[in-house]
Amino acid sequence: MKKTTLLYEGKAKKIWNTTDENLLISEFKDDLTAFNGEMKSSEAGKGALNNKISTELFKLLNDNGIPTHFVDMLDDNNMLHKKCDVILIEVIVRNIATGSLTRNLGIEDGTVLPFTLVEFDYKNDKLGDPKLNDQHALILGLVDYQDELDKLRRMARQINDILKPYFFEKGLKLVDFKLEFGKDKDGNIILIDELSPDNCRFWDVQSGESMDKDRFRQNKGGLKVAYENILNRILN
Ligand code: 5GP
């Protein structure tokens, strides 16, 4: 499969059209951004690690009955996937309070939530990805029906039910993560984007250390070593 024209360049990926009108290629970049682009850097090899980690997790989810856009990993930085109409909702799943939940609601960092929290953010850089409720999402026309919002929540919980025990067995707490969904050519809602330490938080069970993009957000260093560690735990 060959790249043709550049469809879109985001903060962490370039998305290319291909010779097949139903397929796209995501090229994972080494760029790092945080706080809506206010913090910027780059880490050689980060893109390839995220491509490999996402590939393994999409395969795991596909094997467990979750439809995803994943088709094939083409090489270190390139993933072939289905073309979808993107739903402009970031679905945030949280098992442990940290990050914006702690900042916004004053819940103590590290509090294990009494149940898995699923939130919606409006995927809109200009507005800084604000929180959405169901009525906002319907008024904005981000989905057509309430049923579709219910389906996003249901799929997000199913994905958490697969990933949380999977990572716990590998010595990692899955703290929270961000999912994106799209509609394929038949109108089915499927998981898109990526699943990597750029959009998931992982804490080591033993040490409590962050093994994800918080190392960059909090200037802790050691980001690449942490991402390599995540990939090795997935592969072993
Ligand atoms: P928070 O709302 O605490 O900043 O983020 C919650 C979770 O969603 C974290 O795992 C974070 O990485 C992910 N997340 C939220 N918004 C974004 C975003 O715009 N981009 C990326 N890559 N991850 C996000």
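See the structure shown above.
Nothing here was measured: the structure is a model prediction, and the numbers come from that model.

### With respect to the pairing of strand β3 (residues 23-28)
Thought 1: In terms of burial, β3 is a largely internal element, five of the six residues being buried.
Thought 2: Where strand β2 (residues 13-18) lies against β3, five bridges are found, and the strand directions are antiparallel. Opposite Lys14, over in β3, you have Glu27 as the bridge partner.
Thought 3: The antiparallel hairpin formed by β2 and β3 contains four residues in its connecting segment.
Thought 4: In this structure, β3 lies alongside strand β7 (residues 78-82), joined through five bridges in antiparallel fashion.

### Focus: the sheet that holds β3
Thought 1: Spatially, β1-β2-β3-β7-β6 is the arrangement adopted by the five strands of the open sheet, whose pairing is antiparallel. The sheet is open, and its two edges are formed by β1 (3-9) and β6 (70-75), each paired on a single side. Taking the axes of each pair of neighbouring strands and ignoring which way they run, one obtains an average angle of 30 degrees across the sheet.
Thought 2: Here β6 runs beside β7; their pairing, made up of four bridges, is antiparallel. Of the residues in β7, the one forming a bridge with Asp72 is Leu80.

### Re unusual backbone geometry
Thought 1: Positive phi, normally seen in glycine, also occurs at Asn36, with a value near 55 degrees.
Thought 2: Counting through the fold element by element, Asn36 comes out in the loop between β4 (31-34) and β5 (39-42).
Thought 3: On the accessibility criterion, Asn36 (41% relative accessible area) is partly exposed.
Thought 4: Phi is positive for Asn219, which is not a glycine, with a value near 55 degrees.

Here is what the cut-offs are and how they apply
- Residues numbered from 1 in each chain as written.
- Predicted model: local features only at pLDDT ≥ 70, side-chain atom pairs only at ≥ 80, totals over all residues.
- Heavy atoms only, no water.
- Buried < 20%, exposed > 50% of the residue type's maximum accessible area, 1.4 Å probe, protein only.
- Helix = DSSP H or I, 4+ residues; strand = E, 2+ residues; numbered from the N terminus.
- Pairing = 2+ DSSP bridges.
- Axes fitted to C-alpha atoms, helices over the stretch in contact; angles between N-to-C directions.

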